[in-house]
Amino acid sequence: MIDGLGTDAAGKQVHHAFAAVSFDTVPGKYSWRAYTAANREVGVEPRIGDRILAWGFPTPVGQTRFTIAGKKRSPSPLRRA
C-alpha cells in the first residue's frame with residue numbers, strides 16, 4: 001500500500017492518491033491500482049529496478065509520471081563480531 005501526497009514548491013498539496021501494489025506469480029509481474037482524490041482509478045504496470053519504483057499513465061492534459069528513488073545506504077560503522 002502506498003499513500004501518495006504531491007506538493008508544489010510552496011508546499012501546497014496538488015495531488016493525493018492511494019495505491020495497492022500486488023505481484024501476480026503467473027506472468028511474474030507487479031500490478032498497480034491507484035485511486036485519486038478526484039475518484040479516478042488507474043491500473044498500471046510499475047517499473048521496478050535497483051532502488052527505483054516508477055509508474056505513469058495518460059491524462060487528458062498529457063502523461064503523468066511518478067518516481068520513488070531510494071538512496072544507497074552507507075555501510076554501518078558498527079559490525080557484529
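What counts as what
Residues numbered from 1 in each chain as written. Predicted model: local features only at pLDDT ≥ 70, side-chain atom pairs only at ≥ 80, totals over all residues. Heavy atoms only, no water. Helix = DSSP H or I, 4+ residues; strand = E, 2+ residues; numbered from the N terminus. Areas by Shrake-Rupley, 256 points an atom, 1.4 Å probe, with all protein chains shown as cover. 1 Å grid on protein atoms, 1.4 Å probe; cavity = no way out; pocket = protein on both sides within 12 Å on 5 of 7 lines; lining within 4 Å. Points joined across faces, edges and corners; volume = space filled by probe spheres on them. Nonpolar A, V, L, I, M, F, W, Y, C, P; charged D, E, K, R; others polar. Pairing = 2+ DSSP bridges. Axes fitted to C-alpha atoms, helices over the stretch in contact; angles between N-to-C directions. Salt bridge = Lys/Arg side-chain N within 4 Å of Asp/Glu carboxyl O. Buried < 20%, exposed > 50% of the residue type's maximum accessible area, 1.4 Å probe, protein only.

Notes on the overall build of the protein chain
Within the protein chain, the secondary structure is distributed over zero helices and seven strands. Secondary structure elements of the protein chain occur, N-terminal to C-terminal, as β-β-β-β-β-β-β. Entry remark: accessible area of the protein chain is about 6800 Å², with carbon and sulfur atoms responsible for 53%.

A closer look at unusual backbone geometry
In this structure, R51 is a non-glycine residue whose phi angle is positive, near 65°. Structurally, R51 can be placed in the loop between β5 (47-49) and β6 (52-59).

Things to note about the layout of surface pockets
In this structure, the largest pocket encloses a volume near 230 Å³. Around the largest pocket, the lining is made up of 16 residues, and of these G4, H15, A17, W55 and F66 lie nearest the centre. Going through the elements one at a time, β1 (2-7), β2 (13-24), β3 (29-36), β6 and β7 (62-69) are the ones with two or more residues in the lining of the largest pocket. Looking at the lining of the largest pocket residue by residue, the classes come out as eleven nonpolar, four polar and one charged.

As for the sheet that holds β2
Strand order in the open sheet formed by four strands is β1-β2-β3-β4, with antiparallel pairing between adjacent strands. This sheet does not close on itself; its edge strands, each paired only once, are β1 and β4 (41-44). With direction set aside, neighbouring strand axes in the sheet form an average angle of 25°. As defined by bridge partners, β1 adjoins β2 across six bridges and the pair is classed as antiparallel. Bridge assignment links I2 to a residue of β2, and that residue is A19.

Some thoughts on the pattern of salt bridges
Taken as a whole, this structure holds three salt bridges when the rule is applied. One salt bridge connects E45 with K29, and the closest N-O pair in it is separated by 3.8 Å. With E45 in the loop between β4 and β5 and K29 in strand β3, the pair connects residues that are 16 residues apart, well separated along the chain. With its nearest N and O atoms 2.3 Å apart, the salt bridge here joins E41 to R33. Note on E41: relative accessible area 47%, which makes it partly exposed. Judged by relative accessible area, R33 falls into the partly exposed class, the value being 33%.

Side note on the sheet that holds β6
Strand pairing in a sheet takes place through backbone hydrogen bonds and is either antiparallel or parallel in direction. The strand order β5-β6-β7 describes an open sheet built from three strands, whose pairing is antiparallel. The open sheet has two edge strands, β5 and β7, and neither has a second partner. Taken pair by pair, the neighbouring strands of this sheet meet at an average axis angle of 15°, ignoring direction. Bridge analysis of β5 against β6 gives three bridges, and the strand direction is antiparallel. Residue pairing in the sheet places I48 in a bridge with L53 of β6.

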